[in-house]
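Residue strings, one per chain:
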Amino acid sequence: MRLRADGVAREGSAVELSEAGLDAEPVLRGIRGEPSPVEVDCPDPGPLHEFVGHVPPDASLRTRAALAAAARSRGVESARDPEVRRLRDRLAAIDPDRVDTREHRRRLAEAGETVERLRERVARLQGRLRSRREAGEDTEAAEEALAEAARELSEAETERAAAEQALERARRRRRAARDAREERLRLQDRIDNLRRAARAELAGRLADEFRAATRALPGGEGIGTDADPVTRALATVRVGEPSAPVVLSCRRFAGAGAAAEALSAKVVRL
Amino acid sequence: MYGDACNTPVLLVVAYSAAARNSLRNVRRSHEDCVVRWFGRAALLEATELGAFLALRLREKHPGDVGIERTRPFNEFESVPEAVREAAVAYEQRDSDSVPYAAFAAGRDHPAPEEMADSEL
């Protein structure tokens, strides 16, 4: 790797920066090729870098997932990978329609309110007509008003029926769209389960090497998955093949060179 | 929690995506009293304004991925014809296990499946 910080260029597989007073973040950004005061010329980091690209003194590690990434960095694949790829292809092909029935519902609710309002109006006008008849008064105007209201009510009832049917049709279309969404959810769940099983499988394949690495590395406590987080992270670097340099802010080694040798990886030590 | 003999209407909320399902689980955690029953991807919420509010929030948050229905308690004596009720009981009490309902019904003057499928409650 080639690294340039504070105007000073360094080169090699082990770069010691402990005197430079740098934070990990600018170095990591440089490694990732992002804008940074620290420029690093190195291969792109792979997925393993997400887990152990930086090992700080307060490291925490999802060991199984990290070990699976380490296995993959070595080109190891899970027997489940082809199935995951197949399911992902099927998942990508699902594009459910969006059927929004909100406007249909609103139209139906409004139509219903109108019908109710007009029914009350018709009832009132019927009452008025009746009392005028009983009183022997002229009813022509009242009859006309009632007939008009009854016509409007009939139209409103037709509109409500139409709104109901439109909502029903939209609901049927939505059912098909929801079938697709359910299929998508089922596929996603199957994929998640398979990936979880694949991680367990891959981590299992490296279990012995990992255990041995936790023993061989200096410092720390415990063995294998019971080791402290920094040891586990370093052991993961060792059993994996990180494509880009790993940044160490922890102090387990005498220097960057010793770290690079112990971890069989390119190292920047802060 | 509520017993199964729930006498009031409830809202049935169904999630159609992983994210919606997640949010539904969070609703259950933060509004335990309003969630009558929880089935993972679906839940029954009280048909109160709070229940409606929670359901509508979910739908706003996950457009297209949340279904909301309103359910009524089911009283078969009010809503289901006697012939259908009797058919259900008679069929479950049959002697020979392997008779499919269609054949059983034909032999005994119970409603046929096709008839029942065409009749709304």
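This text follows the structure it describes.
These lines cover the structure that appears in this document, whether it is placed above or below. (Residues numbered from 1 in each chain as written. Chains lettered and ligands numbered in written order. Predicted model: local features only at pLDDT ≥ 70, side-chain atom pairs only at ≥ 80, totals over all residues. Heavy atoms only, no water.)

Section: the sheet that holds strand β1 (residues 2–5) of chain A
Residues and elements named next belong to chain A.
Then step 1. Overall, antiparallel pairing links the three strands, which are arranged β2-β1-β4 in an open sheet. Across the chains shown, the open sheet's two edge strands, defined by having one partner strand only, are β2 (8–11) and β4 (39–41). This sheet shows a mean twist of 15° between the axes of neighbouring strands, independent of strand direction.
Then step 2. Bridge analysis of β1 against β4 gives three bridges, and the strand direction is antiparallel. Opposite Arg 4, over in β4, you have Glu 39 as the bridge partner. (Pairing = 2+ DSSP bridges. Helix = DSSP H or I, 4+ residues; strand = E, 2+ residues; numbered from the N terminus. Axes fitted to C-alpha atoms, helices over the stretch in contact; angles between N-to-C directions.)

Some thoughts on the sheet that holds strand β3 (residues 14–16) of chain A
Neighbouring strands of a sheet are bound in pairs by backbone hydrogen bonds; such pairs are parallel or else antiparallel.
All names here are of chain A.
Then step 1. If you walk across this open sheet you meet the four strands as β3-β7-β6-β5, and the pairing is parallel. The sheet is open, and its two edges are formed by β3 and β5 (54–55), each paired on a single side.
Then step 2. Bridge count between β3 and strand β7 (residues 267–269): three bridges; the pairing is parallel. Residue pairing in the sheet places Val 15 in a bridge with Val 268 of β7.
Then step 3. Here helix α1 (residues 24–32) sits on the sheet and contacts β5, β6 (246–248) and β7; the angle it forms with β6, its principal contact strand, is near 170°. (Contact = heavy atoms within 4.5 Å.)

Details of the interface of chain A and chain B
Then step 1. Across the contact, ten residues belong to chain A and 14 residues belong to chain B.
Then step 2. When residues of chain A are sorted by the area they lose upon contact with chain B, Arg 178, Arg 181 and Leu 185 of chain A head the list and together hold 49% of the total.
Then step 3. Run the count over chain A and chain B and you get five salt bridges.
Then step 4. A salt bridge links Glu 182 of chain A to Arg 41 of chain B, with the shortest nitrogen-to-oxygen separation between them at 3.0 Å.
Then step 5. Along the contact surface separating chain A from chain B lie six residue pairs in polar contact (both at pLDDT 80 or more).
Then step 6. Among the elements that line the side of chain A that touches chain B, the one with the most residues is helix α6 (residues 140–205) of chain A, at seven residues.
Then step 7. Here the side of chain A that touches chain B is built from residues that sort into one nonpolar, no polar and nine charged. (Buried area = accessible area lost by both parts, 1.4 Å probe. Salt bridge = Lys/Arg side-chain N within 4 Å of Asp/Glu carboxyl O. Polar contact = N/O pair within 3.5 Å; in protein donor to acceptor, adjacent residues only side chain to side chain. Nonpolar A, V, L, I, M, F, W, Y, C, P; charged D, E, K, R; others polar.)

Focus: the pattern of salt bridges
Residue and element names in this part refer to chain A.
Then step 1. For the coordinates displayed, the defined rule picks out 27 salt bridges over all chains.
Then step 2. One salt bridge in this structure joins Arg 29 and Glu 25, with 3.9 Å as the shortest N-O distance. Pair noted here: Arg 29 and Glu 25 are both in helix α1, with a separation of four residues, about one helical turn.
Then step 3. The exposure class of Arg 29 is partly exposed, given its relative accessible area of 27%.
Then step 4. When the shortest N-O distance is used, the salt bridge between Glu 83 and Arg 190 registers 3.2 Å. With Glu 83 in helix α4 (residues 81–92) and Arg 190 in helix α6, this residue pair connects regions lying 107 residues apart in the sequence.
Then step 5. Overall, the relative accessible area of 25% leaves Glu 83 in the partly exposed class. (Buried < 20%, exposed > 50% of the residue type's maximum accessible area, 1.4 Å probe, protein only.)

Some remarks on the packing of aromatic side chains
Residue and element names in this part refer to chain B.
Then step 1. Enumeration over the complete set of coordinates arrives at three aromatic pairs over all chains.
Then step 2. On the basis of an interplanar angle of 85° and a centroid distance of 5.3 Å, the ring pair of Tyr 91 and Tyr 101 is categorised as edge-to-face. With Tyr 91 in helix α4 (residues 82–92) and Tyr 101 in helix α5 (residues 101–108), this residue pair connects regions lying ten residues apart in the sequence. One exposure class covers both Tyr 91 and Tyr 101, and it is buried.
Then step 3. Centre to centre, the rings of Tyr 101 and Phe 104 are 6.4 Å apart; their planes meet at 40°, and the pair counts as tilted. Here Tyr 101 and its partner Phe 104 are both found in helix α5, three residues apart, which amounts to about one turn of the helix.
Then step 4. With a relative accessible area of 16%, Tyr 101 lands in the buried category.
Then step 5. Among the aromatic residues, those joined into a cluster by ring pairs are Tyr 91, Tyr 101 and Phe 104.
Then step 6. Residue placement shows Arg 41 over the ring face of Tyr 16; its charged tip is 5.2 Å from the ring centre. (Phe/Tyr/Trp six-rings, centres within 6.5 Å; stacked < 30°, edge-to-face > 60°. Lys NZ or Arg CZ within 6 Å of the ring centre and 35° of its normal.)

Some points on the pairing of β1 of chain A
Residue and element names in this part refer to chain A.
Then step 1. Only one face of β1 is covered, namely the face carrying Leu 3 and Ala 5; the face carrying Arg 2 and Arg 4 is uncovered.
Then step 2. As defined by bridge partners, β1 adjoins β2 across four bridges and the pair is classed as antiparallel. Each residue of the ladder has a partner; that of Arg 2, found in β2, is Glu 11.
Then step 3. Hairpin connection between β1 and β2: a loop of two residues separates the two successive antiparallel strands, and Asp 6 in this loop has a positive phi of roughly 55°.

Overview of the nonpolar core
All names here are of chain A.
Then step 1. In this structure, Val 55, Leu 234, Leu 248, Phe 253 and Leu 263 are the most contacted members of the largest nonpolar core, which totals 32 residues.
Then step 2. Listing elements by their share of this core, those giving two or more residues are α2 (48–52), α3 (63–73), α6, α7 (207–216), α8 (229–239), β6 and α9 (256–263).
Then step 3. Apart from residues no more than four positions distant in its own chain, Leu 263 is found in contact with Leu 217, Leu 234, Val 237, Arg 238, Leu 248 and Phe 253.
Then step 4. With 16 residues, the next largest nonpolar core counts Met 1, Val 15, Ile 31 and Cys 42 among its residues. (Core = buried A, V, L, I, M, F, W, Y, C linked by side-chain atoms within 4.5 Å.)

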